[in-house]
Amino acid sequence: MSDTITYKLSSQDFKVTNPVKWCAGCGGFSVLSAVQNALPEVTEEKNKVVFVSGIGCSSRFPYYINTYGFHSLHGRAMPIASGIKAANPDIQVWLVTGDGDSMAIGGNHFIHLIRRNLDINVLIFNNKIYGLTKGQYSPTTPKGSKTKTSPDGTIENAFNPGELAMGAQGTFFARVVDTDPKMMKEVFIKAAKHKGTSIVEVLENCVIFNNHVHEDITGKDVKNEHQIYLEHGKPMIFGNERDKGLMIVNNRMEVVKIGENGITEKDILVHDAKCSNPNVHFMLARLKRPEYPVAMGVIRSYDCTVYEDMLTDQVEYAKANSKIKNMDDLLNSGSVFEIE
Amino acid sequence: MTKKNIIELEEVVVKFAGDSGDGMQLTGTQFSDNSALFGNDLSTFPDYPSEIRAPQGTVSGVSGFQVHIGNKEIKTPGDLADVLVAMNPAALKTNMKWVKQGATIIIDIDNFDNKSYKKAEFIDDPLSDGTLDGFNIVKAPISSLTRATVNDLALGIDNKTADKTKNQFVMGMLYWLFNRDINIGLDFIKDKFAKKPDLVKANLEVLKAGFNYAETIEAMSTTFMVNPLKNRKGKFRNITGNVATAWGLIAASERSGLPLFLGSYPITPATEILQELSNMKKLGVKTFQAEDEIAGICSAIGASFAGHLAATSTSGPGLALKSEAIGLAVITELPIVIVNVQRSGPATGLPTKPEQGDLLQALYGRNGESPCIVVAATTPAKCYDFAFIAAKLSVEHMTPVILLTDGYIANGSELMPIRPIAEFPEIIPPKVKDNDENYRPYLRDEEKLSRFWAFPGQDGLRHRVGGLEKSNITGEVSHDPYNHEDMVVIREQKVQRVANFIPEQEVLGEESGDLLVVGWGGTYGALSSAVLDLQNEGKSISLAQFSYIKPLPKNTEEVFSKFKRIVVCELNLGQFKSYLQSQYPQFDYLQYNKIQGLPFLISELKEKFNQILEEK
């Protein structure tokens, strides 16, 4: 087990010998492999990495990666990860969750994690269905969907993780698809490098209970037209011919065609992921088919102070500025009655 | 000036009562501190309304503070008051039933008018309808004399501010009544208002005015003297159970070398633990005020996984919310201290009132076979020791510990002897050395059956923990039926073996006899006082007050076997009794229970015990 010698890690270092027990064809496999590919770029010590998860198919993740791991309770990965990070800020903390784990039972913890902005990288496997309990609708299931618990169609509005993240003052939100390993690796690296809570929504396929749920976005023949990959500082252009772009017209997003109506590439919005004001990021996170392409990549990445640094600063300041250095000092401070 | 007549007393109970804004808590604290400096032993209890500022002058807005002082060991805040200070009719009305016959009742006569009687829901004037017959009533114009005193100083202090000093008038009267050195009171004020010289002046003058007033009136010509406690030496501090609990955890952090992390959510009556520890960053303590009870314990479990001394503090409803997470700590075999400051339930119940209704919840309130070590603190100062012990057992045995206190000892205070931290035992976490090739997550200590503790960040010890059942030793996920049974048994035995590491059950009094009184936790003060009183009357009665609930001390059966009768007294319907019955069914257990959101009175206990002793 000894592995103190430091050398450049490879994806192999993060693989486990035990079998990965997701269903054949599960989107989880490609996410796992993208994470294993991204990790060597963001850490030199696998002993300082922890993967925390809740309950659900996605939450088996810690068993499948060769780092420290904590497979916790349904919905509770966020406070557990927060405790690890607040206690020891040197640990790189990843959190793997699903749409039920993070948006339903863990919904409260989700928004509070984001509000506090601890430096934790969150991967939400969003397959829009409960897989481990075999096919009930989740908080991200589109309204009207027929599932085992909504035989007549759901009558609930669906959550969009990006809206929740930004509503909770999130500093980082990105979206990827499980069919694009290159995109996933690139975005996971950016998420890890962002100091603060990074939320990455992975549009994941559930081959058993919700097969092809993201087909309209991820399908090979439609993906260039139905996805827009955003990169900071670059114009928001997409399409098979890269001839379409996004503009804000009358306070709303509009898809325009370059070359038509006098529109040139210069007119297309340039993505500013680092802007503190999230208004445009909100609009981007909300883009929905069929009117718009779905936004991929890093939608928001705003640098801001993180919880654990401020906590450490307060502790260090208090230690440096108090005369009370230990328990004996404390016991003898203030009102002490000496009876002789 | 009247002639001073001094009566020596062994003990005295003083109750201060007024509107929430009258400063009664401060007055009570000031009187306690003064008594401690004088050399008395003491015990205090604040009595807050659950509303923050209920309408002035109403019964629901009365805030009280009871102080019991003595020249002997004082174990409770006292049953009934010898002296009551009632700042208004509502304070008189709520406290009259808790006053001894013949007691001195000091009232602020300025507040006793028809309007106030109506607010306090008195039908007739209590001063003239016979209600107060048999009491020594001191009708002091506290409000008006206070204002006059402050106005005479011509410091430009407005009436509203002047009114806030009237508690010092009361204090001055009590200094006279108890023959105390007024100069000690002066120091308290100088410290308290150090930054506001005008207020120091005003408060001092009002204090003296109160003292002088008392000296001149006939009603206070009889004064009391409670002498200092003999044979008591050393340093003490007056500490509440909640502060003592917080400090005990810090002490454990220091003796274990593990930084302390508290993940918590505010809840009455446990909030002060979170508040106190939030102010202890100077000793490296980290606190995390979570979004709810569940996040509170989960953040602490995360910190425990990361190698910290982890704790969470709560009260009954919060313990219910934490159940699943406690189970996670049980199965991951991570140490964590769960402090439950019990209050009256179910649901919200009587949130500011004590009860012992969470015992079975602590023992059994989780899904699956989910054993925890359960300990209970007995007095405010003992919360320090038991928080320390809870942390020690949790860390050394790698399992969650539930520490039960209650609203009575948590808010109550008593004098705690200051002992150097070096006198406390070292806490030795079962840490693993980096790159230990033999490390397996569920390899166990042979004696304790506890696993070893490796933290993220350590080289070569990567492993996973989680809520799924694990294979013993290797820690791999296992659905093997025999492994599960083994693990369930091991986790239970691990807790049972703690019995080898805790002290034997002590008995207060003879080790055999007619009646053994059995109690647990925060009822110690009342039970021991009642039992000692009856012992002094020559009765064959002893007390076994339990602090180690799970596991029970090894000699429990032997202790029980030496008495003709056993009565289990608790502030619930008999939870400890049914637990004992399940452990030692060979004994007959009588029971005495009270579920009024109130502590036991010594008098009612004595009556009950006498009754049992008389039955043949």
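What you see is a predicted model, and the numbers here were worked out from it, not measured in a lab.

1. Comments concerning the interface of chain A and chain B
Then, number 1: Counting from both sides, the interface comprises 61 residues of chain A and, opposite them, 72 residues of chain B.
Then, number 2: Interface area for chain A against chain B, summed over the two sides, is near 5700 Å², with a carbon-plus-sulfur share of 63%.
Then, number 3: Summed over the shared surface of chain A and chain B, the number is 1 salt bridge.
Then, number 4: Residue R116 of chain A is joined to E291 of chain B by a salt bridge in which the shortest nitrogen-to-oxygen separation is 2.8 Å.

2. Description of the nonpolar core
All names here are of chain B.
Then, number 1: Counting 166 residues, the largest nonpolar core has W247 and F576 as the members making the most contacts within it.
Then, number 2: Of all the elements, helix α14 (residues 382-397) adds the most residues to this core, at 9 residues.
Then, number 3: Look past the residues within four positions of F576 in its chain and what remains in contact with it is L359, V518, G519, W520, F546, I549, L552, V568 and E570.
Then, number 4: Ranked by size, the runner-up nonpolar core spans 51 residues in total, among them I106, I182, Y213 and I217.

3. Thoughts on the sheet that holds strand β8 (residues 237-238) of chain A
All names here are of chain A.
Then, number 1: Read from one edge to the other, the open sheet built from 3 strands follows the order β8-β9-β10, with strand pairing classed as antiparallel. With one partner strand each, in any of the chains shown, β8 and β10 (252-257) form the two edges of the open sheet.
Then, number 2: Of the pairings in the sheet, the one linking β8 to strand β9 (residues 244-249) comprises 2 bridges and is antiparallel in character. Looking at the pairing, F238 lines up with K244 of β9.
Then, number 3: Lying over the sheet, helix α9 (residues 279-286) contacts β9 and β10, oriented at roughly 65° with respect to β10.

4. Considerations on the layout of surface pockets
Residues and elements named next belong to chain B.
Then, number 1: What the largest pocket holds in volume is close to 1300 Å³.
Then, number 2: D19, S20, G21, D22 and G23 are the residues nearest the centre of the largest pocket, which is lined by 45 residues in total.
Then, number 3: Elements supplying a minimum of two residues to the lining of the largest pocket: α1 (24-38), α3 (114-119), α5 (159-163), α6 (166-177), α8 (197-216) and α10 (271-278).
Then, number 4: Residue composition of the lining of the largest pocket, by class: 11 nonpolar, 21 polar and 13 charged.
Then, number 5: Size it by volume and the second largest pocket reaches roughly 1100 Å³.
Then, number 6: Taken together, 40 residues line the second largest pocket, and the ones lying closest to its centre are T378, K382, D385, F386 and E506.

5. Digging into the pattern of salt bridges
All names here are of chain A.
Then, number 1: On inspection of all chains with the given rule, the structure shows 33 salt bridges over all chains.
Then, number 2: The partner of K48 in a salt bridge is E45, and the shortest N-O contact between them spans 3.9 Å.
Then, number 3: Residue K48 is classed as partly exposed on the basis of its relative accessible area, which comes to 28%.
Then, number 4: Taking relative accessible area as the criterion, E45 reaches 33% and is therefore assigned partly exposed.

6. As for a positive patch on the surface
Residues and elements named next belong to chain B.
Then, number 1: A surface patch of like charges, here positive, comprises R53, K160, K164 and K196.
Then, number 2: The residue K164 is located in the loop between α5 and α6 in this model.
Then, number 3: In this structure K164 comes out as exposed when scored by relative accessible area, which is 62%.

7. Examining the pairing of strand β3 (residues 41-47) of chain B
A regular strand places its side chains so that they alternate between the two faces of the sheet.
All names here are of chain B.
Then, number 1: Most of β3 sits inside the fold, with 6 of its 7 residues counted as buried.
Then, number 2: With 7 bridges connecting them, β3 and strand β4 (residues 62-70) associate as antiparallel partners. Within β4, the position partnered with F45 by the bridge is Q66.
Then, number 3: In this structure, β3 lies alongside strand β16 (residues 413-417), joined through 2 bridges in antiparallel fashion.

8. As for the packing of helix α4 (residues 142-153) of chain B against α8 of chain B
All names here are of chain B.
Then, number 1: Direction vectors running N to C along α4 and α8 enclose 130°, while the axes themselves pass 9 Å from each other. Taken together, the axes of α4 and α8 lie oblique to each other. The two elements α4 and α8 cross, and the hand of that crossing is right-handed. Taking contact as the criterion, the partners of L145, T146, T149, V150 and L153 in α4 are, on α8, K201, A202, E205, V206, A209 and Y213.
Then, number 2: Of the residues belonging to the contact of α4 with α8, the class tally is 7 nonpolar, 2 polar and 2 charged.

The rules we used
Residue positions are counted from 1 within each chain, in the order its sequence is given. Chain A is the first chain written and ligand 1 is the first ligand written, with later ones labelled in order. With pLDDT at 70 or above as the cut-off, local features in this predicted model cover only qualifying residues; side-chain atom pairs require 80 or more to be listed or tallied, and sums for whole chains, interfaces and linings still use all residues. Note that the side-chain values use all heavy atoms of the structure and ignore hydrogens as well as water. Contact definition: two residues touch when any of their heavy atoms are within 4.5 Å. Defined here as a combined quantity, buried area equals the accessible surface (1.4 Å probe) lost by two parts on assembly, summed across both. A side-chain nitrogen of Lys or Arg and a carboxyl oxygen of Asp or Glu constitute a salt bridge if their distance falls within 4 Å. By nonpolar core we mean a set of buried residues, namely Ala, Val, Leu, Ile, Met, Phe, Trp, Tyr and Cys, connected to one another through side-chain atoms within 4.5 Å. Burial status follows relative accessibility: with a 1.4 Å probe on protein chains alone, a residue under 20% of its type maximum counts as buried, one over 50% as exposed, and anything between as partly exposed. For helices the rule is a DSSP run of H or I covering at least 4 residues; for strands it is a run of E covering at least 2, with both sets numbered from the N terminus onward. One bridge is not enough; two strands pair if DSSP finds at least two bridges between them. The convention used is that axes are lines fitted to C-alpha atoms, helices contributing only their stretch in contact, and that angles between N-to-C directions extend from 0 to 180 degrees. Only protein atoms enter the 1 Å grid, on which a cavity is a set of points fitting a 1.4 Å probe that cannot get out and a pocket is an open set with protein on both sides within 12 Å along at least 5 of 7 lines, lining residues being those with an atom within 4 Å of a point. Grid points are joined across faces, edges and corners, and a volume is the space filled by probe spheres set on the points. Throughout, the ten residues Ala, Val, Leu, Ile, Met, Phe, Trp, Tyr, Cys and Pro are labelled nonpolar, Asp, Glu, Lys and Arg are labelled charged, and all others, Gly among them, are labelled polar. Like-charged residues within 9 Å of one another, or nonpolar side chains (Val, Leu, Ile, Met, Phe, Trp, Tyr) within 5 Å, are grouped into patches, provided each residue has over 30% relative accessible area and no salt bridge. Note on areas: Shrake-Rupley, 1.4 Å probe, and residue coverage restricted to the protein chains presented here. His is not counted, nor are the chain ends; Lys and Arg add positive charge and Asp and Glu add negative charge. Working definition for charges: the position is that of NZ of Lys, CZ of Arg, CG of Asp or CD of Glu. These descriptions rest on fixed angle ranges, namely under 35 degrees for roughly parallel, over 145 for roughly antiparallel, 65 to 115 for roughly perpendicular, and the rest for oblique. Left-handed describes a crossing whose near helix is turned anticlockwise from the far helix by less than a right angle; the clockwise case is right-handed.

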